[in-house]
Amino acid sequence: MGTKELFSIAADHAVRFRDTADSRPHRPLRDYATAVEAFAAPLPEQSSPMVDVLDELVTTAEPGLHLMTGARFFGWVIGGSHPMGVAADFLTSAWGQNAGNHTASPSAAAAETVGARWLLQLLGLPAGCSVGFVTGATVANFTCLAAARGEVLLRSGWDVDANGLFGAPQITVLIGDDAHTTVFSALQFLGLGHDRVVRIPTDDLGCIVPVAFEQAVADVSGPCIAILQAGQINTGACDDFGNLIPIAKSKGAWVHVDGAFGLWAQASARRRHLTAGVEQADSWATDGHKWLQTPYDCGYAIVRDELAHRRAMTISASYLPFASEGERDPSHYVPELSRRARGFATWAMIRHLGRSGVEAVVDGACDAATGMALALAGEPGIAIGNDVLLNQVIVRFGADLPPEQADELTKRTIGALQREGALFAGAATWRGRQVMRLSVTNYQTNAAEAAKAVDAILRAYRAERRDARVTA
Ligand SMILES: *Cc1c(COP(=O)(O)O)cnc(C)c1O
């Protein structure tokens, strides 16, 4: 069995999987327990031919896959794994580069150097920022907050990288009450504690209330990290950066922005106003595998102060000299040493789409979200729970009924939709109530796909509502 045949078979399977997407349900056919059973076998004692193993992998795995690449996949916030990024990622695996440093793989490091430059331009961030290519926004938040922790303590005369947190000056962490759960995890990983924070009240859309923020900042003395958000996970709303960042900076706070998907509003002329002023922050976490459509996994930790970034992440001790001026060692900006060459897929996606293509992906998704919200709101009993400024839509079914009945009807409608499989959307709770959330982040979701999704949602809702009345 030659490499050529094996790789060709893998490519054929990939093509078939993607080309038949429209004819398969948007949900997995197997649950986890059944999937484990399908994979389970005693530890193989003997070798098996590679082609057989590949076939077995495909037949075993596919029934338990979610159609996350589909045009009507609105669960969580998931990008489409664009074919361009996937093809670049095939090669990344085949090339087998350990992208830890620029000597080990000059091209892997160089693709990150140029990819980083392009990203900063797309996102309207200062050209001097450093960018770590990480697994996702969770690790990007961790990385940026590590840089923040080190810098605010250093300014107070404490070297946390060398001496740890025991005995360090107290850091005040300000964070919005509707921040993403992974930011609290990042604080937990950093010894800052997920509960040892000052939670700032938020408004109906989950944005920090400016007067409350101002008050909290006024109470701060000593080192401070303020965490803002571009793209609340349920509403898509962004904090008022132009107002909040200068307030935080007046007290010398490090301002970090979790912009896993929302930061990409910066790439759209029509939506850039939503994130106005965000470039004044000190660090930003965002994802490639959401709106840039790279395959999993890919996120970016962006830090204004490169030295703070490198001090926090460099693998060699902080008292050793860094790589020479102008050279990039990817591992100096991320927690890992051995690592995937994520720069190739990023470079290929931006090279392919170009600035206008990225903008079209962002606007296409937002327009589809707005269109779906408008169409659904026209149906008696359906309420949209947020102003759809970006790509997230909160849907409540039976809004004319008592709240408990609406919760029930919402759950049942989501269940029916997931069973039918014409689209996938998940349940969430928002302000104590059951809702369905549509997250539109796929490059293929256009007006036609949105219309198909609306049809399916209305069909399911009407049927559930009718059944509910019969059983009532
Ligand atoms: C998705 C998301 C994260 C976490 O990102 P991962 O890529 O899953 O690690 C953090 N914050 C927000 C707002 C998100 O949408």
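Residues numbered from 1 in each chain as written. Predicted model: local features only at pLDDT ≥ 70, side-chain atom pairs only at ≥ 80, totals over all residues. Heavy atoms only, no water.

- The protein chain has the name Glutamate or tyrosine decarboxylase in an unreviewed UniProt entry, where Rhizobium tibeticum is given as its organism.
- The UniProt entry for the protein chain carries the following text under Cofactor (unreviewed entry): "pyridoxal 5'-phosphate".
- The record held by UniProt for the protein chain lists under Sequence similarities (unreviewed entry) the comment "Belongs to the group II decarboxylase family." (UniProt positions renumbered as here; feature names shortened; annotations may be inferred.)

### What about the sheet that holds strand E11 (residues 433–439)?
Move 1: As summarised here, the arrangement of the four strands in space is E8-E9-E11-E10, forming an open sheet in which the pairing is antiparallel. Pairing within the sheet leaves two strands with one partner each, and these edge strands are strand E8 (382–384) and strand E10 (426–430). For this sheet, the mean angle separating the axes of adjacent strands, direction not counted, is 40°.
Move 2: Two elements, E8 and strand E9 (residues 392–397), share three bridges in a ladder whose sense is antiparallel. Opposite Ala383, over in E9, you have Arg396 as the bridge partner.
Move 3: The strands touched by helix H13 (residues 403–420) within the sheet are E9, E10 and E11, with E11 carrying the most contacts at an inclination of about 35°. (Pairing = 2+ DSSP bridges. Helix = DSSP H or I, 4+ residues; strand = E, 2+ residues; numbered from the N terminus. Axes fitted to C-alpha atoms, helices over the stretch in contact; angles between N-to-C directions. Contact = heavy atoms within 4.5 Å.)

### Describing helix H9 (residues 210–218)
Move 1: Buried residues of H9: Phe213, Ala216 and Val217, and no others. For H9, the buried positions fall inside an angular range of 100° around the axis, keeping them on one side.
Move 2: Turning to H9, the residues buried within the fold contact strand E2 (172–176), strand E3 (198–200), strand E4 (224–229) and helix H10 (241–249). (Buried < 20%, exposed > 50% of the residue type's maximum accessible area, 1.4 Å probe, protein only. Arc of directions from axis to C-beta.)

### Some remarks on a nonpolar patch on the surface
Move 1: On the surface, a nonpolar cluster with roughly 330 Å² of combined accessible area is contributed by Phe90, Leu91 and Trp95.
Move 2: Tracing the backbone shows Trp95 in helix H4 (residues 83–95).
Move 3: Residue Trp95 is classed as partly exposed on the basis of its relative accessible area, which comes to 47%. (Patch = residues over 30% accessible without salt bridge, like charges linked within 9 Å, V, L, I, M, F, W, Y side chains within 5 Å. Areas by Shrake-Rupley, 256 points an atom, 1.4 Å probe, with all protein chains shown as cover. Salt bridge = Lys/Arg side-chain N within 4 Å of Asp/Glu carboxyl O.)

### Considering the sheet that holds E3
Move 1: Pairing in this open sheet of seven strands is mixed, and the strands run E1-E7-E6-E5-E4-E2-E3 from one edge to the other. Across the chains shown, the open sheet's two edge strands, defined by having one partner strand only, are strand E1 (130–134) and E3. Sheet twist, expressed as the average angle between the axes of neighbouring strands with direction ignored, equals 20°.
Move 2: Sheet contacts for helix H5 (residues 106–122): E1 and strand E7 (299–303); angle to E1, the most-contacted strand, approximately 110°.

### Observations regarding the packing of aromatic side chains
Move 1: All chains considered together, the criterion is met by nine aromatic pairs.
Move 2: Taken together, the ring pairs connect Phe73, Trp76 and Phe424 into an aromatic cluster.
Move 3: The ring of Trp430 carries the charged tip of Arg431 above its face, separated from the ring centre by 4.1 Å. (Phe/Tyr/Trp six-rings, centres within 6.5 Å; stacked < 30°, edge-to-face > 60°. Lys NZ or Arg CZ within 6 Å of the ring centre and 35° of its normal.)

### Observations regarding the pairing of E4
Move 1: Within E4, six of the six residues are buried, which leaves the element mostly enclosed by the surrounding structure.
Move 2: The alternating pattern of E4 places Cys224, Ala226 and Leu228 on one face and Ile225, Ile227 and Gln229 on the opposite face, and all of these are buried.
Move 3: In this structure, E2 lies alongside E4, joined through four bridges in parallel fashion. Counted as the bridge partner of Ile175 is Ile227 from E4.
Move 4: Of the pairings in the sheet, the one linking E4 to strand E5 (residues 254–258) comprises five bridges and is parallel in character. Across the sheet, the residue bridging to Ile225 is Trp254, located in E5.
Move 5: Handedness of the β-α-β unit built from E4, H10 and E5 comes out right-handed. (Right-handed = clockwise from strand over helix to strand, strands pointing away.)

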